[in-house]
Amino acid sequence: MSPSTPTAAAPVAQGAQDARLAGSRGLELVRGRGPWVWDAAGRRYLDATSMMGVASLGHAHPSLARALEQQAQQLAACAASFSHPGRDALVARLGALLAPLDRVFLCNSGTESVEAAVKLARVLTGRPGVVALARAFHGRTYGALSATWREHHRAGAGPLVPGFAHVPAGDLDALEARLAAGDVALVLAEVVQGEGGVHLLDGEFLRAVQASCRRHGALFGVDEVQTGCGRTGAWFAYRHHDLDPDVVCLAKGLGAGFPVGAAVYRSSLGEVPVGAHGSTFGGNPLACAAALATLETLEREDLVRAAAENGARLLERLRAACGDAAVDVRGRGLMVGVELPDAVAPVLRALQEQGTLALAAGRRVLRLLPPLVSGTAELDELADAVGAAVRAARGGGA
């Protein structure tokens, strides 16, 4: 018998590899409705994660379910060399939402949209350099990982893609010095750094970055993977600061749970050679149906405006509920970070035990990304639960 032949004495644990790579919350979720999910034991949880910012419409939204069912009965796959009505409609819709950006590359995830942006910038400018910011997170595939700042995400994965550099957020002199070398194709920024701790970048700084890119012939790119499609109370976070980027990366909430991403850029930058980039599944009929249903629902239910108003209320209530047990409570729309004086892990565990799911953003920041369909009652309940858990962690009682 070959040494690699499996035997009954050495079973392979099903799913063990995924658990080691992604970690486990020890919770098996089986269904959801709106901002709520249920585990296999029938217990209900308030979802303040949107499953990493993906479930923008909450869970089991009828518009999304209907769109996917109808499309699955018509056409589920279509290679990029053929057109189909859904792809044409989504490209037109994104072009209208992001005008004057008018070229759309459809893919399957945020990291793929960043990879596309990097590749497009290098092809269009003929330059190799990419500059990102300290605390940035842009994805886990090699180009996107090279733009990601935290060593925790990069450890052991080297060598990474050459040509990438990071400068401190807010340090215009460092950025200007790097751009002055004349070899930078793309400067990539998040308006709100989600994984980096829910840090809101200053609008004046971002406008200065954009101007510096224009002076030095580099493209200015905005990563809206987590912030886009209404999350911050605007269709796109860069609109809060009147920015005019050359390329925008989208994913997560764009499909409300179905994998879809996009890199949207200006045709005036030049033509990309046919075949220079592609994606087998990008822009497939099901993904386009999901994205179109999501965008239509965001508009029909006025969820972008609601995210702005509900987010302001949530921030106010969180600040009151946490008091001086939190170092800071910051955010925009329904993207909120609660900075703690100590590790966030015990607070996450306590919240889960009490029926609320939240996220970490670094070692000491609790990140809240509730679905955009969340109402004031659910968000008030969330603020009360977080406040109680944070105060208890500091010995202040519930």
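Reading the values: the criteria
Residues numbered from 1 in each chain as written. Predicted model: local features only at pLDDT ≥ 70, side-chain atom pairs only at ≥ 80, totals over all residues. Heavy atoms only, no water. Helix = DSSP H or I, 4+ residues; strand = E, 2+ residues; numbered from the N terminus. Rg over C-alpha atoms; globule rule 2.2 N^0.38 Å. Buried < 20%, exposed > 50% of the residue type's maximum accessible area, 1.4 Å probe, protein only. Contact = heavy atoms within 4.5 Å. Areas by Shrake-Rupley, 256 points an atom, 1.4 Å probe, with all protein chains shown as cover. Lys, Arg positive; Asp, Glu negative; His and termini not counted. Charge placed at Lys NZ, Arg CZ, Asp CG, Glu CD. Phe/Tyr/Trp six-rings, centres within 6.5 Å; stacked < 30°, edge-to-face > 60°. Lys NZ or Arg CZ within 6 Å of the ring centre and 35° of its normal. pLDDT = per-residue confidence, 0-100. Pairing = 2+ DSSP bridges. Axes fitted to C-alpha atoms, helices over the stretch in contact; angles between N-to-C directions. Parallel < 35°, antiparallel > 145°, perpendicular 65-115°, else oblique. Left-handed = near helix turned anticlockwise from the far one by under 90°. Nonpolar A, V, L, I, M, F, W, Y, C, P; charged D, E, K, R; others polar. Polar contact = N/O pair within 3.5 Å; in protein donor to acceptor, adjacent residues only side chain to side chain.

Engineer: Can you tell me about the overall build of the protein, naming the residues and giving the values?
Structural biologist: Helix and strand counts for the protein come out as 13 helices and 17 strands. Here the C-alpha atoms of the protein give a radius of gyration of 22 Å, agreeing with the 21 Å that 2.2 N^0.38 yields for 398 residues. Along the first, second and third principal axes, the C-alpha set of the protein runs to 60 × 55 × 55 Å. Expressed as a percentage of its 398 residues, the buried residues of the protein come to 52%. Taking the contacts inside the protein whose residues are at least 6 apart along the sequence as the reference set, 70% of them involve residues at least 24 apart. Surface summary for the protein: the accessible area is close to 17400 Å², and the carbon and sulfur share equals 53%. If the 38 positive side-chain charges of the protein are averaged to one point and the 39 negative ones to another, these points end up 2 Å apart.

Engineer: Explain the packing of aromatic side chains to me, using residue names and the numbers behind them.
Structural biologist: Counted by the stated rule, this structure contains one aromatic pair. On the basis of an interplanar angle of 15° and a centroid distance of 6.1 Å, the ring pair of phenylalanine 236 and tyrosine 238 is categorised as stacked. Comparing phenylalanine 236 with tyrosine 238, the two get one shared label, buried. Over the ring of tryptophan 38 we find arginine 31; its NZ or CZ atom is 4.1 Å from the centre of that ring. Cation over ring: arginine 44 sits above tryptophan 36, and NZ or CZ is 3.5 Å from the ring centre.

Engineer: Give me the confidence of the model for the protein: which residues, what numbers.
Structural biologist: Across the protein, pLDDT averages 93, with 94% of residues at or above 70. Low pLDDT (under 50) marks residues 1-13, which in the prediction has one contact with non-local residues, meaning those over four places away or in another chain.

Engineer: Which residues make up the sheet that holds strand β4 (residues 103-107), and what values do they have?
Structural biologist: The sheet built from seven strands is open, its strands ordered β4-β12-β11-β10-β7-β5-β6 with mixed pairing. Taken across any chain shown, the strands that pair with only one partner, and hence form the sheet edges, are β4 and β6 (164-167). Sheet twist, expressed as the average angle between the axes of neighbouring strands with direction ignored, equals 20°. Running over the sheet, helix α5 (residues 110-125) touches β4, β5 (129-133), β6, β7 (184-189), β10 (219-223), β11 (247-250) and β12 (261-265) and is turned about 150° from β7. Along the sheet, helix α8 (residues 172-179) contacts β5, β6 and β7; its crossing angle with β7, the most-contacted strand, is approximately 155°.

Engineer: Which residues make up the packing of helix α11 (residues 303-322) against helix α13 (residues 376-393), and what values go with them?
Structural biologist: The geometry of α11 relative to α13 is characterised by a closest axis approach of 8 Å and an angle of 25° between their N-to-C directions. Between α11 and α13, the crossing angle belongs to the class labelled roughly parallel. α11 and α13 meet at a crossing whose hand is right-handed. Contacts between α11 and α13 involve Asn310, Arg313, Leu314, Arg317, Leu318, Ala321 and Cys322 from the former and Thr376, Leu379, Asp380, Leu382, Ala383, Asp384, Val386, Gly387, Val390 and Arg391 from the latter. Here the contact of α11 with α13 is built from residues that sort into nine nonpolar, three polar and five charged.

Engineer: Tell me about unusual backbone geometry, and please be specific about residues and values.
Structural biologist: The step from alanine 99 to proline 100 runs through a cis peptide bond, and the omega angle for that step is 15°. Here proline 100 is to be found in the loop between α4 (85-97) and β4. Across the junction of glycine 158 and proline 159, the peptide omega takes the value 0°, indicating a cis bond. Secondary-structure assignment places proline 159 in the loop between α7 (151-154) and β6. With phi around 70°, methionine 52 is a residue other than glycine that occupies positive phi space. A positive phi angle, close to 55°, is found at aspartate 302, a residue other than glycine. Tracing the sequence through the fold places aspartate 302 in the loop between α10 (285-300) and α11.

Engineer: Describe in detail the side chain of glutamine 71, supporting the description with residues and values.
Structural biologist: With respect to the helices and strands, glutamine 71 occurs in helix α3 (residues 62-72). Given a relative accessible area of 17%, glutamine 71 falls into the buried group. A polar contact of 2.8 Å, which involves the side chain of glutamine 71, links it to the backbone oxygen of leucine 75. In this structure, glutamine 71 is in contact with Ala76, Pro285, Leu286 and Ala289, ignoring residues within four places of it in sequence.

Engineer: I'd like a description of the sheet that holds strand β17 (residues 365-368), backed by residues and values.
Structural biologist: The strands making up a sheet are joined through hydrogen bonds of the backbone, oriented either antiparallel or parallel. Here four strands make up an open sheet; going across it, the order is β13-β14-β17-β16 and the pairing antiparallel. Only two strands of the sheet have a single neighbouring strand rather than two, namely β13 (328-332) and β16 (359-360). Strand direction decides the pairing type here: strand β14 (residues 335-339) and β17, joined by four bridges, are antiparallel. When the bridges of β17 are listed, valine 338 appears paired with leucine 366. Contacting β13, β14 and β17, α11 runs over the sheet at an angle of about 170° to β13.

Engineer: I'd love a proper account of the environment of glutamate 204, names of residues and values included.
Structural biologist: Mapped onto the fold, glutamate 204 is located in helix α9 (residues 203-216). On the accessibility criterion, glutamate 204 (59% relative accessible area) is exposed. Between the alpha carbons of glutamate 204 and histidine 241 there is a distance of 7.9 Å; along the sequence they are 37 residues apart.

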